[in-house]
Amino acid sequence: MKFAAIEDARLFLEQNPDIDMIELFILDANGVPRGKLLHREELLAVYESGRPLPSTILGLTVQGEDVENSGLVWDVGDIDCRAYPLEGSLVRLPWRQIPTAAVQVSMHPTEGLPASIADPRHLLIKVIDGLKAEGYHPVMACELEFYLLDAKRDHNGRPQPALDADGGRPRHTQVYGLRELEQIEPFLADLYSACKLHGIPARTAISEYAPGQVEITLEHGDALQAMDQAVRYKRLVKAVAHKHGMQATFMAKPFDDLAGTGMHMHVSLADGEGRNLFASESPAGTPLLRTAIGGMLASLLDSLLLFCPNANSYRRFQANSYAPLAPTWGIDNRTVSLRVPGGPANTRHIEHRICGADANPYLAAAAILAGIHRGIRENLDPGAPVEGNGYAQAKQLLPTDWLTSLQALENSAWARDALGQEFLGVYLAVKRAEYRQFMAEVGEQDWRWYLTEA
């Protein structure tokens, strides 16, 4: 585990003499950033000796409540656990009224015990290290969809698309519409500016398959760095939207009758010199790519809770919606769960289309890479790729309920081995607590629960 040097903080403070406050945050299992607001003079001590955070901070439900049987509450006396800053994460937040910067921290492997066992970033590092030990260097990128919503609800108290710059409200899908992007140009300009300041490689923007839905792709790179960027990008989108009087949501399915919101994960493996091990003139890629797909398919059900972590996540699985429906793969085919996109030989990779945008990028990436590792070790054959309409050919469907996925992860010997019993113990305790709360509330106000997301 590599943390930032204190010289980084000294240089930042020297170059930013106006900064008064520091927002320190860590990402919990649900992908919710939690932390503290510090004063400028407290920053150097964080870099020098870490910052104590309560053990419970990584064992909370999505609504911020303690989970008593997580092992991180009364059993350990809610002990202080030390977290340290990550390299390159100390940045200005230009939209804040008080001059403020943010810094992302992660638990120290030993000084952060027992909370460090539940740190989702640690899990991803563990899986990446396992692949690297065998000569495989994972390369990843995120495509994150989101809705831009009005800060005010409609007359029924339901969310509605944000107003366009011309005062109108989006009512039609207009996928790939250029006018739709022009109407949110002030938001996009500030978002791209913030991404540049934060070192986040935000690239192509498109109007997605619903009114008010947008997608911006992030450039591929080292898997850990790419997920760090995805985590920080989601925070930027929400903050910039708030600045413009809007609400950005990464819910998997905020509207019954409109498209769901996904997080497509692009993944390949490189050798130690950075050469793409999936590269091939064949559109199907190399034999290694096929075994990677075989592993992802074999571990899909066991991993699904990490890709689709909330009750709302499963509303997204609908036919003819560009969301996945079955454990299938195909070549340049958007009706399957695992797609091998076209393009030049050196760009060959897999697009994992299963995750909702509500998934924690660290945990989703860890499950994807662990599945790939399984495929390589067991030399798993994914079978023939689907051609044509994958929805029409679907035989074995993905589960459409939260409990089935929760039980699959609980009962998975593969997951306990690949992801670790200690991490799963905390994570499953959290998800069980959320499930119980959901069952207690869903009859009375189900849609209000669905509005809760990371």
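Residues numbered from 1 in each chain as written. Predicted model: local features only at pLDDT ≥ 70, side-chain atom pairs only at ≥ 80, totals over all residues. Heavy atoms only, no water.

- By the naming in an unreviewed UniProt entry, the protein goes by Glutamine synthetase family protein and is assigned to Pseudomonas serboccidentalis.
- Per UniProt, the protein has the following entry under Sequence similarities (unreviewed entry): "Belongs to the glutamine synthetase family."
- Checking UniProt for the protein, the heading Cofactor (unreviewed entry) contains the comment "Mg(2+)". (UniProt positions renumbered as here; feature names shortened; annotations may be inferred.)

### Digging into the overall build of the protein
And then number 1: Along the backbone of the protein there are 13 helices and 15 strands.
And then number 2: Here the protein has a C-alpha radius of gyration of 21 Å; the compact-globule value for 454 residues is 22 Å, and the two agree.
And then number 3: Out of the 454 residues belonging to the protein, those deemed buried represent 60%.
And then number 4: For the protein, the proportion of contacts with a sequence separation of at least 24, taken over those separated by at least 6, is 73%. (Helix = DSSP H or I, 4+ residues; strand = E, 2+ residues; numbered from the N terminus. Rg over C-alpha atoms; globule rule 2.2 N^0.38 Å. Buried < 20%, exposed > 50% of the residue type's maximum accessible area, 1.4 Å probe, protein only. Contact = heavy atoms within 4.5 Å.)

### A word on the side chain of R316
And then number 1: Tracing the backbone through its elements, the reader meets R316 in the loop between α8 (300–307) and β13 (329–331).
And then number 2: Of the side chains with opposite charge, E145 comes closest to the buried, unpaired R316, at an N-O distance of 5.7 Å.
And then number 3: In terms of polar contacts, R316 uses its side chain to reach the backbone carbonyl oxygen of I354, at 2.8 Å.
And then number 4: Within polar-contact distance, the side chain of R316 engages the backbone oxygen of C355 at 3.4 Å. (Lys, Arg positive; Asp, Glu negative; His and termini not counted. Salt bridge = Lys/Arg side-chain N within 4 Å of Asp/Glu carboxyl O. Polar contact = N/O pair within 3.5 Å; in protein donor to acceptor, adjacent residues only side chain to side chain.)

### Here's the deal with the packing of aromatic side chains
And then number 1: Evaluation of the coordinates by the stated rule reveals eight aromatic pairs.
And then number 2: Pairing W402 with Y435 gives two aromatic rings, centres 5.8 Å apart and planes at 70°, and the pair type is edge-to-face. Of this pair, W402 sits in helix α11 (residues 402–410) while Y435 sits in helix α13 (residues 421–450), placing them 33 residues apart in sequence. Each member of the pair, W402 as well as Y435, carries the same accessibility label: buried.
And then number 3: With 5.8 Å between their ring centres and 75° between their planes, W402 and F438 make a pair best called edge-to-face. Of this pair, W402 sits in helix α11 while F438 is found in helix α13, placing the two residues 36 residues apart along the sequence.
And then number 4: For W402, a relative accessible area of 4% translates into the label buried. (Phe/Tyr/Trp six-rings, centres within 6.5 Å; stacked < 30°, edge-to-face > 60°.)

### Thoughts on a negative patch on the surface
And then number 1: Together, E65, D66, E68, D78 and D80 line one region of the surface with negative charge.
And then number 2: Locating D78 in the fold gives a position in the loop between β3 (51–54) and β4 (80–85). (Patch = residues over 30% accessible without salt bridge, like charges linked within 9 Å, V, L, I, M, F, W, Y side chains within 5 Å. Areas by Shrake-Rupley, 256 points an atom, 1.4 Å probe, with all protein chains shown as cover. Charge placed at Lys NZ, Arg CZ, Asp CG, Glu CD.)

### A few points about the pattern of salt bridges
And then number 1: Taken as a whole, this structure holds 22 salt bridges when the rule is applied.
And then number 2: For E23, the salt bridge goes to R235, with nearest N and O atoms at 2.4 Å. Of the two residues, E23 sits in strand β1 (residues 21–27) while R235 sits in helix α6 (residues 223–243), which places them 212 residues apart along the sequence.
And then number 3: Accessibility expressed as a relative area gives 16% for E23, which makes it buried.
And then number 4: Note on R235: relative accessible area 25%, which makes it partly exposed.
And then number 5: Connected via shared salt-bridge partners are D332, R339, E351 and R353.

### Observations regarding unusual backbone geometry
And then number 1: Here the amide bond leading from L113 into P114 is cis, since omega sits at 0°, within 30 degrees of zero.
And then number 2: Relative to the helices and strands, P114 resides in the loop between β6 (100–107) and α3 (120–132).
And then number 3: Phi is positive for D78, which is not a glycine, with a value near 45°.
And then number 4: The backbone of N379 shows a phi angle near 50°, a positive value even though the residue is not glycine.

### Some words on the state of the cysteines
And then number 1: The final tally for this structure, using the stated rule, is zero disulfides.
And then number 2: The cysteine C142 is free of any disulfide, with C355 supplying the nearest cysteine sulfur at 8.1 Å.
And then number 3: Taking relative accessible area as the criterion, C142 reaches 1% and is therefore assigned buried.
And then number 4: Taking the relative accessible area as the measure of exposure, C355 reaches 0% and is therefore buried. (Disulfide = S-S within 2.5 Å.)

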